[in-house]
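Descriptive structure summary
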Amino acid sequence: MVGIYHHKLSAPLSEGAVAKYAAKLGFEFPIAIDREWRTLNEWWLNAEPRSWTSVSFLIDRRGRIRYVHPGGSYEEGQADYDQLVNHIETLLAEYKTTP
């Protein structure tokens, strides 16, 4: 798993602050920083008008996008959160059983 962060604040980007926030959220995976929003634009924003600049893609081991959470917040107890967790667990189970 890899996270990609795109900075939206008016304050200067602080890699330390990104790492601290990721740790607060319990993320134990690498976080890349998309300083110029290149990845975000290419994969998400350039396709059509969006309500959110944040997005989550679950990509399987073959490189196929298997699930897209179209942005906004999601927290434990919300339906979106549960759905994302279920998709992650499905992909992990496939990973464990596929050579």
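Let us look at the structure shown here. It should be emphasised that the depicted structure is a prediction, and the values quoted were computed from it without experimental measurement.

1. Side note on the overall build of the chain
When helices and strands are tallied, the chain shows 3 helices and 4 strands. Tracing the chain from N to C terminus, the helices and strands come up as β-α-β-α-β-β-α. If you line up the chain on its principal axes, its C-alpha atoms span 45 × 30 × 30 Å. Burial status across the chain gives 17% buried among its 99 residues. Considering only contacts in the chain between residues 6 or more positions apart, those separated by 24 or more positions represent 40%. Carbon together with sulfur atoms contributes 53% to the accessible area of the chain, which is approximately 7600 Å² in total.

2. Brief notes about the side chain of D34
Its location among the elements puts D34 in the loop between β2 (31-33) and α2 (38-45). R38 provides the closest opposite charge to the buried, salt-bridge-free D34, at an N-O distance of 6.5 Å. Polar contacts involving the side chain of D34 include one to the main-chain amide nitrogen of L40, which spans 2.9 Å.

3. Points about the pattern of salt bridges
Per the stated rule, a full pass over the model turns up 5 salt bridges. A network of salt bridges, in which partner residues are shared, links D60, R64, R66 and E94.

Here is what the cut-offs are and how they apply
Residues numbered from 1 in each chain as written. Predicted model: local features only at pLDDT ≥ 70, side-chain atom pairs only at ≥ 80, totals over all residues. Heavy atoms only, no water. Helix = DSSP H or I, 4+ residues; strand = E, 2+ residues; numbered from the N terminus. Buried < 20%, exposed > 50% of the residue type's maximum accessible area, 1.4 Å probe, protein only. Contact = heavy atoms within 4.5 Å. Areas by Shrake-Rupley, 256 points an atom, 1.4 Å probe, with all protein chains shown as cover. Lys, Arg positive; Asp, Glu negative; His and termini not counted. Salt bridge = Lys/Arg side-chain N within 4 Å of Asp/Glu carboxyl O. Polar contact = N/O pair within 3.5 Å; in protein donor to acceptor, adjacent residues only side chain to side chain.

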